[in-house]
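Coordinate analysis (summary)
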Amino acid sequence: MTTDDRPTDPTPEGVSDEPAPGDAAAEHQPDGLDLARAAARAAGATPGGKPRKKSSTFRRRTFTKSSGARPDDRDPQLLDQAMGRLIANHGWELDLKVQGVFGRWAELVGDEVADHCTPESFDDGRLVVRTDSTAWATQLKLLAPTVVRRLNEELGHGTVTLIEVLGPHLPSWTKGRLSSRDGRGPRDTYG
């Protein structure tokens, strides 16, 4: 009989699916755990009956090169350093400085001015400030060079180039279904 004519045996030599004589689990269990254990033993055995060695591909892990004696980016970092690097990588420095100025507005411009004026937005060197009255809008326009100087001291030279002062939110007179498009509204009856 040649090697090709031999019948193939699904179980390797020396491995038996049968429990050992005198074993408490000599009969087939209804849950099938005995068959699963036997299949696992058969899969893990070599034809010589010895357990198969685990392949090196299962043990192999990909590790990056460990850091040496000097500090490295892979070493644990202080929160301040990690946040600083994150802010720098995303280009958030100016945005955070501007938001810090908005938070400290009263400290930078004084309590009296801060009670009547609030910063609304900052874009391309232009700071938009809203006042609660037209009188304070005029006052802030006069104080604008001083405020620009203080803000540039905090944010860096040339960051704020212009302060746009907006007056208070006023009611709109174009309300209602009977409003006239070209008329002056209720103001036409004044004096």
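Conventions used here
- Residues numbered from 1 in each chain as written.
- Predicted model: local features only at pLDDT ≥ 70, side-chain atom pairs only at ≥ 80, totals over all residues.
- Heavy atoms only, no water.
- Patch = residues over 30% accessible without salt bridge, like charges linked within 9 Å, V, L, I, M, F, W, Y side chains within 5 Å.
- Areas by Shrake-Rupley, 256 points an atom, 1.4 Å probe, with all protein chains shown as cover.
- Salt bridge = Lys/Arg side-chain N within 4 Å of Asp/Glu carboxyl O.
- Helix = DSSP H or I, 4+ residues; strand = E, 2+ residues; numbered from the N terminus.
- Core = buried A, V, L, I, M, F, W, Y, C linked by side-chain atoms within 4.5 Å.
- Buried < 20%, exposed > 50% of the residue type's maximum accessible area, 1.4 Å probe, protein only.
- Contact = heavy atoms within 4.5 Å.
- Pairing = 2+ DSSP bridges.
- Axes fitted to C-alpha atoms, helices over the stretch in contact; angles between N-to-C directions.
- Right-handed = clockwise from strand over helix to strand, strands pointing away.
- Expected span 1.5 Å × (residues − 1).

An unreviewed UniProt entry annotates the protein chain as DUF721 domain-containing protein of Nocardioides cavernae.

Together, Leu79, Met83, Leu86, Trp92 and Leu96 give the surface a local cluster of nonpolar side chains, amounting to about 490 Å² of exposed area. Looking at the nonpolar patch, the element that brings in the most residues is helix α3 (residues 79-90), giving three residues. Relative to the elements of secondary structure, Leu86 occurs in helix α3.

Moving on: the nonpolar core. In terms of nonpolar packing, the biggest core is built from 21 residues, with Trp105, Leu127, Leu151 and Ile163 touching the most fellow members. Tallying contributions element by element places helix α7 (residues 134-155) first for this core, with seven residues. With residues up to four places along the chain from it excluded, the contact list for Leu127 reads Phe102, Trp105, Pro119, Ser121, Phe122, Leu151, Val160, Leu162, Ile163 and Glu164.

Turning next to the sheet that holds strand β1 (residues 117-123). Taken in spatial order, the three strands line up as β1-β2-β3 in an open sheet, and their pairing is mixed. Both edges of this open sheet fall to β1 and β3 (162-166), since each of them pairs with a single strand only. Here the strands of the sheet are splayed against their neighbours by 25° on average, with no regard to which way each runs. α7 rests against β1, β2 (126-131) and β3 of the sheet, and its axis sits at about 155° to β3.

For β2, the buried fraction is high: five of the six residues fall into the buried class. Of the strand pairs in this sheet, β1 and β2 are connected by six bridges, and their pairing is antiparallel. Across the sheet, the residue bridging to Asp123 is Arg126, located in β2. Linkage of β1 to β2, two consecutive antiparallel strands, is achieved through a turn of two residues, within which Asp124 is found at a positive phi near 50°. After leaving β2, the chain enters α7 and then returns to the sheet as β3, a path that is right-handed.

For α3, built from 12 residues, the straight-helix expectation of 16 Å at 1.5 Å per residue is met to within 8% by its first-to-last C-alpha distance of 17 Å. At the C-terminal side of α3, Gly91 shows a positive phi close to 70°.

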